[in-house]
Amino acid sequence: MSRAIDETHDASRRSWVESANRAGCDFPLQNLPFGIFRRRGADEPPRAGVAIGDRIVDVTACQTTGLFTDSAATAAEACTEPTLNRLMALGPDAASALRRELWRLLLDGDERVRAHADWETRLVPGMATAELFCPAEIGDFTDFFSSLHHATNAGRLFRPDNPVLPNYRHVPVGYHGRASSVVVGGTAIRRPAGQTMADDSDQPVFGPTKALDYEAELGFFVGRGNALGSPRDIRDADDCLFGMCLVNDWSARDIQKWEARPLGPFLAKSFATSVSPWIVTFEALAPFRVPPSARPEGDPAPLAYLDHGPASERAGVDVRIEAYVSTRNMRASDIPPARLSLGHARDLYWTPGQLLTHHASNGCDMHPGDLMGSGTVSGPERENEGCLLELTRGGREPVTLPGGETRRFLADGDEVILKGYCEAEGFARIGFGECRARILPAQANS
Ligand code: MN
């Protein structure tokens with residue numbers, strides 16, 4: 001069982017990479033998330049890396065140097081491509097073997113990496129010198145709606161008396177997103193144009209959205225796939241998930257409002273989705289698995305194919321996700337980014353395993369590198385609301401930022417920063433890093 005808690009999660013162990021031991025570091029020895037990077041300006045293809053403190057282990061360079069053995073070497077062999085898809089396809093034991101070997105190599109006292117004179121530039125370069133890429137070739141992207149709090153708050157804006165439709169408590173509701181426009185954090189987002197219908201008009205217009213929003217979400221990357229026509233059992237679902245990242249599901253609310261009925265979101269979402277560059281493996285998340293949030297009194301139990309059974313105790317995951325905004329004026333006045341929301345993945349109605357199982361339950365084939373979004377992670381309190389649609393009550397109640405500016409929705413030049421981390425008593429804090437992106441003005445011709 002590759003996802004048990006073991007010595008790699010031991011909070012007392014430290015790395016010889018000193019920055020990894022600092023309080024609040026997202027990438028301590030206990031994490032070791034995978035990503036794709038290249039040294040800035042270097043004439044080399046993007047390759048797999050593993051984050052440790054403020055450095056990146058170059059998996060390919062370490063493999064060439066002969067630092068990996070046995071199954072770790074086999075897994076490292078799959079890391080020579082500019083995406084993590086091959087590593088994901090090998091299943092959880094391969095990534096686990098590589099993570100374990102890296103843990104030993106980076107453990108305080110181990111000299112094998114530093115025995116190489118050029119280790120600082122070739123084997124474990126500084127993250128500040130690296131360019132980060134989308135970690136996988138994402139064949140398909142599906143976004144769910146797994147926060148009942150978000151579904152209720154968003155639904156109330158459109159249907160005050162009946163915010164949550166009856167199917168919600170039985171079916172993990174989702175829609176097919178657009179994989180081609182998923183971009184890695186750091187990529188600027190162009191304000192989209194689209195068709196909207198103002199409340200006081202009977203004629204739609206085409207132009208830049210006036211209601212650009214973020215959605216703070218978690219992303220789940222599929223590891224081992226399933227063949228077309230072969231659903232998977234919920235007991236195997238966790239082993240088919242590679243890891244998690246942060247997702248910003250940018251949304252144009254005015255376009256969404258006009259286009260979404262009856263078939264759901266389309267161009268209001270497909271213009272861009274940002275993902276964080278580092279994928280935290282489910283193995284690293286082992287200390288942070290929790291039971292799914294208790295269903296409200298009177299809600300139905302999940303149908304048998306979505307019932308985790310005894311494994312339910314560890315079927316949820318306790319990740320905190322924060323959203324910050326930094327406006328052009330705030331940056332000019334040296335005002336730090338302002339926190340808009342803090343959500344908890346433990347509040348989600350559906351677990352990652354239930355999302356995957358449901359997605360494949362009709363025989364739909366899932367492939368390594370496919371991405372599933374949780375949907376906006378919101379919770380019971382106002383501060384837990386993970387998008388401006390909720391925070392401003394559909395744009396009616398603007399939020400006030402430090403410096404005095406207000407926002408109903410995002411303005412050009414605004415930068416949205418998502419951060420995620422896990423904390424549990426007795427374990428080292430691990431983080432997801434950031435998913436950061438700035439809004440560019442709409443194209444002049446739109
Ligand atoms: Mn979404």
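All values reported here derive from a predicted model rather than from experimental measurement.

What counts, and at which threshold
Residues numbered from 1 in each chain as written. Predicted model: local features only at pLDDT ≥ 70, side-chain atom pairs only at ≥ 80, totals over all residues. Heavy atoms only, no water. Helix = DSSP H or I, 4+ residues; strand = E, 2+ residues; numbered from the N terminus. Expected span 1.5 Å × (residues − 1). Buried < 20%, exposed > 50% of the residue type's maximum accessible area, 1.4 Å probe, protein only. Polar contact = N/O pair within 3.5 Å; in protein donor to acceptor, adjacent residues only side chain to side chain. Donors = N, O, S within 2.8 Å, 3.2 Å for Na, K, Ca; no water. Pairing = 2+ DSSP bridges. Axes fitted to C-alpha atoms, helices over the stretch in contact; angles between N-to-C directions. Domains from an automatic or database assignment. Buried area = accessible area lost by both parts, 1.4 Å probe. Salt bridge = Lys/Arg side-chain N within 4 Å of Asp/Glu carboxyl O.

Novice: Would you explain helix α4 (residues 92–106) in this entry?
Specialist: Counting along an α-helix, one turn takes 3.6 residues, and residues three or four places apart therefore face a common direction. Between its first and last C-alpha, α4 extends 21 Å over 15 residues, near the 21 Å set by a 1.5 Å rise per residue. With twelve of 15 residues buried, α4 lies mostly within the body of the structure. Three or more residues of α4 are buried, namely P92, A94, A95, S96, A97, L98, R99, E101, L102, W103, L105 and L106.

Novice: Would you explain the environment of G420 in this entry?
Specialist: As for its position among the elements, G420 is in strand β24 (residues 415–422). Put simply, G420 and C245 are 175 residues apart on the chain and 8.5 Å apart in space, counted from C-alpha to C-alpha.

Novice: It is not clear to me how the side chain of D299 should be interpreted in this structure. Could you clarify?
Specialist: Looking at the secondary structure, you find D299 in the loop between β17 (289–290) and β18 (316–317). At 2.8 Å, the side chain of D299 and the side chain of R169 are in polar contact.

Novice: Please clarify how the coordination of the manganese ion should be interpreted in this entry.
Specialist: Perfect tetrahedral coordination of a metal by four donors corresponds to 109.5 degrees between them, and perfect octahedral coordination by six donors corresponds to 90 or 180 degrees. The coordination sphere of the manganese ion, as far as protein atoms go, consists of D143 (OD), E215 (OE), E217 (OE) and D249 (OD), spread over 2.1 to 2.2 Å. Binding-site remark: the manganese ion is held by donors from one chain whose sequence spacing is D-x71-E-x1-E-x31-D. Highlighted residues: E215 in the loop between β11 (212–213) and β12 (216–222) and D249 in the loop between β13 (241–248) and β14 (251–252), separated in sequence by 34 residues. Neither E215 nor D249 differs from the other in exposure class; each is buried.

Novice: Help me out: how do you make sense of the sheet that holds strand β3 (residues 55–58) in this one?
Specialist: Backbone hydrogen bonds are what pair the strands of a sheet, in a parallel or an antiparallel way. Taken in spatial order, the four strands line up as β3-β2-β1-β4 in an open sheet, and their pairing is antiparallel. Two strands in the sheet have a free side with no partner beyond their single neighbour: β3 and β4 (130–133). Across the sheet, the mean angle from the axis of one strand to that of its neighbour is 50 degrees, orientation sign disregarded. Judged from the four bridges that link them, strand β2 (residues 47–52) and β3 form a sheet pairing that is antiparallel. Each residue of the ladder has a partner; that of G49, found in β3, is D58.

Novice: Please explain the sheet that holds strand β8 (residues 189–190) as it appears in this structure.
Specialist: With mixed pairing, the five strands of this open sheet are ordered in space as β8-β25-β24-β19-β20. With one partner strand each, in any of the chains shown, β8 and β20 (338–344) form the two edges of the open sheet. Sheet topology note: the strand β19 (residues 320–326)/β20 ladder contains six bridges and is antiparallel. The partner of V325 across the bridge, within β20, is A338.

Novice: What is the right way to read unusual backbone geometry from this model?
Specialist: In most cases, non-glycine residues show a negative phi, while peptide bonds are predominantly trans. The omega torsion across R261 and P262 is 10 degrees, close enough to zero to call that bond cis. One non-glycine residue, D70, lies in positive phi territory at about 50 degrees. Position of D70 among the secondary structure elements: in helix α2 (residues 70–77). Phi is positive for D334, close to 55 degrees, though the residue is something other than glycine. Looking at where D334 falls in the secondary structure, it is placed in the loop between α9 (328–332) and β20. A relative accessible area of 71% places D334 in the exposed class.

Novice: I would appreciate a short explanation of the domain arrangement of the protein chain in the present structure.
Specialist: Size of an interface: often given as the accessible area lost when the parts come together. If you check the domain split of the protein chain, you get domain 1 (7–133) and domain 2 (141–440). The straight-line distance from the C-alpha centre of domain 1 to that of domain 2 is 29 Å. Summed over both sides, the interface of domain 1 with domain 2 buries roughly 2,300 Å², with 66% coming from carbon and sulfur. Summed over the shared surface of domain 1 and domain 2, the number is three salt bridges. Put simply, R100 and E283 hold a salt bridge, and the shortest N to O gap is 3.9 Å. Across the domain 1-domain 2 interface, the total number found is eleven residue pairs in polar contact (both at pLDDT 80 or more). Mapped by element, the contributors of at least two residues to the side of domain 1 that touches domain 2 are β1 (34–39), β2, α3 (85–89), α4 and β4. In terms of residue count, the dominant contributor to the side of domain 1 that touches domain 2 is α4 (five residues).

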